[in-house]
Amino acid sequence: MLDTIFEKVDNLNPNNDIVALKKAANILKNNGLVAFPTETVYGLGANALEEEAVKKIYIAKGRPSDNPLIVHIADKKDIYPLVDSVPKNALILMEKFWPGALTIILKKSSIIPKTTSGGLDTVAVRIPNNKIALSLIKECGFPLAAPSANTSTKPSPTIASHVYNDLKGKIDMVIDGGSCDFGIESTVVEVCENNITILRPGSITKEMLDNVVDNVTIDKSILNYNTNILAKSPGMKYKHYAPLGDIFIIDGNIDNIVSYISNCLENDKKNNIKSIVIASDETINNYSSFDTLSIGSRKNLELIAKNLFKTLRECDNLNINKIYIESFLEEGIGLAVMNRLKKAANYKIIRV
Ligand code: TXA
Ligand code: MG
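Here the structure is a predicted model, which is why all the values come from computation and not from measurement.

The rules behind the values
Residues numbered from 1 in each chain as written. Chains lettered and ligands numbered in written order. Predicted model: local features only at pLDDT ≥ 70, side-chain atom pairs only at ≥ 80, totals over all residues. Heavy atoms only, no water. Phe/Tyr/Trp six-rings, centres within 6.5 Å; stacked < 30°, edge-to-face > 60°. Helix = DSSP H or I, 4+ residues; strand = E, 2+ residues; numbered from the N terminus. Buried < 20%, exposed > 50% of the residue type's maximum accessible area, 1.4 Å probe, protein only. Pairing = 2+ DSSP bridges. Contact = heavy atoms within 4.5 Å. Axes fitted to C-alpha atoms, helices over the stretch in contact; angles between N-to-C directions. Expected span 1.5 Å × (residues − 1). Arc of directions from axis to C-beta. Polar contact = N/O pair within 3.5 Å; in protein donor to acceptor, adjacent residues only side chain to side chain. Core = buried A, V, L, I, M, F, W, Y, C linked by side-chain atoms within 4.5 Å.

*Asks:* Could you clarify how one ought to interpret the packing of aromatic side chains in this entry?
*Replies:* Two numbers describe a pair of aromatic rings. These are the distance of the centres and the angle of the planes. Evaluation of the coordinates by the stated rule reveals 2 aromatic pairs. Ring centres of F6 and Y164 lie 5.3 Å apart, and the angle between their planes is 80 degrees; this geometry places the pair in the edge-to-face category. Note that F6 is positioned in strand β1 (residues 5-8) and Y164 in helix α5 (residues 160-167), a separation of 158 residues in sequence. Overall, the relative accessible area of 36% leaves F6 in the partly exposed class. What makes Y164 partly exposed here is its relative accessible area of 29%. Here the aromatic rings of F248 and Y324 are separated by 5.7 Å at their centres, their planes lie at 25 degrees, and the arrangement is stacked. Linking F248 in strand β12 (residues 246-251) with Y324 in strand β15 (residues 322-326), this pair joins segments that are 76 residues apart in sequence.

In structure tokens, the structure reads:
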């Protein structure tokens, strides 16, 4: 068991807490693990170029070894040593979206250990848009491999206590930099000379990518759940984001959704099953005789994305066995919300 250090760092002015940042950088220089905030979710960082350090990430998270990690850098020029070459369309994306929630996959160079790339010959890279993350990477002087800082299969952490609850005793330090701006992981794209494939939807949407580059497609495994279609992104094939209770997504006309869920909750009550509905502002009053968690307004899908993982974790705190959630429009960031939800529900979708 490690004695996990927990320290707050000012997210507007990380230099006010330079002592804590230097402590974190020292741990990373000695091949240790430090969780830190990004604008998407908290990341679990290790030196991306040191096999010994990166191995510890897989162990701490209980992550399958073929699931590659994202390498975080602080400056665009720092991508060049990590990859074979940077095609023009990748450069356009970097210019437009970095720092930001876009992860770009390219052919890797030989300095990226196979452990970091999960055995693949490609590497995923991004510049996070978070002052603490950027200061930490600069203080280290090397890129940080950082998956989401949750135990494998759990919802990604959007505040420091989520990380601490999952990983205390297993990692060296958690930097508390408050809550993450987006609350959902970055958009992951694979870039080839002539086409760009979205392997994981996120807050940078297809529409936003289409505005700056040509030939953007969404990987088939995201649009259709079909076990015959193998996910290109290894992480997308695993059970993920799941709370302990069973989740059911109810899809259809909103009035039908409300009456279907109300019936289920009524039945569960009779059978002494602890269940809850995750409802939107627009519908929550319809469930007043049941236990509810509010996830925000349907008109603000960004806010729903931000609340999603926090709300799923709340279900665990309440020891809920069955969770009903209303579906959302698969448009813009709604595609990312529904992608995470479907995986959390293990594709249990009831159409009413
Ligand atoms: O927002 C984020 O991306 C957060 C923060 C911490 O930066 N990180 C994150 O990492 O979500 P992780 O490891 O939880 O998810 C990375 C995803 C996985 O689905 C993984 O399979 C995929 O990216 N990925 C990484 N490298 C890849 C590669 N070379 N080829 C295909 N997929 C890759
Ligand atoms: Mg993850």
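*Asks:* Teacher, can you tell me more about the sheet that holds strand β2 (residues 34-36) here?
*Replies:* Sheets are built from strands that pair by backbone hydrogen bonding, the pairs being arranged parallel or antiparallel. A sheet is described by the order of its strands in space; here 11 strands give the open sequence β1-β8-β2-β3-β7-β4-β6-β5-β9-β10-β11, paired in mixed fashion. Both outer strands of the open sheet, β1 and β11 (216-218), are each paired with one neighbouring strand and no more. Where β2 lies against strand β3 (residues 43-47), 3 bridges are found, and the strand directions are antiparallel. The residue bridging F36 from the neighbouring strand is G43, located in β3. Helix α1 (residues 18-29) rests against β1, β2, β3, β7 (144-145) and β8 (173-176) of the sheet, and its axis sits at about 145 degrees to β8. Packing of helix α3 (residues 88-97) onto the sheet brings it into contact with β5 (102-107), β9 (187-191) and β10 (196-200), and relative to β5 it is tilted by some 155 degrees.

*Asks:* Please explain helix α8 (residues 254-270) as it appears in this structure.
*Replies:* The first and last C-alpha atoms of α8 sit 25 Å apart over 17 residues, in line with the 24 Å expected at 1.5 Å per residue. Along α8, the residues that are buried comprise I257, V258, I261, S262, C264, L265 and D268. Buried residues of α8 fall within an arc of 165 degrees about the axis and therefore sit on the same side. Structural note: α8 exposes D255, N263 and K270 on the side pointing more than 90 degrees away from its buried face. Residues of α8 that are buried sit in contact with β12, β13 (275-279) and β15. Where α8 starts, the residue carrying a side-chain oxygen 2.8 Å from the main-chain nitrogen of D255 turns out to be N253.

*Asks:* Would you mind going over the nonpolar core with me for this structure?
*Replies:* A general tendency of soluble globular proteins is for nonpolar side chains to be buried together. Core analysis: the largest hydrophobic core is formed by 71 residues, its most contacted members being L93, I104 and I175. Apart from residues lying up to four places away in sequence, L93 is in contact with W98, L102, I104, V189, V191, I196, L209, V212 and V213.

*Asks:* Would you mind showing me how to read the sheet that holds β12 here?
*Replies:* Read across the open sheet, the 5 strands follow the order β14-β13-β15-β12-β16; overall the sheet is parallel. The sheet is open, and its two borders are formed by β14 (292-294) and β16 (349-351), each paired with just one other strand. Each strand axis lies, on average, 25 degrees off the axis of its neighbour in the sheet, ignoring direction. Where β13 meets β14, 3 bridges bridge the pair, whose relative direction is parallel. Counterpart to I278 in the pairing with β14 is L293. Against the sheet, helix α10 (residues 334-344) contacts β12, β15 and β16, and its axis sits at roughly 135 degrees relative to β12.

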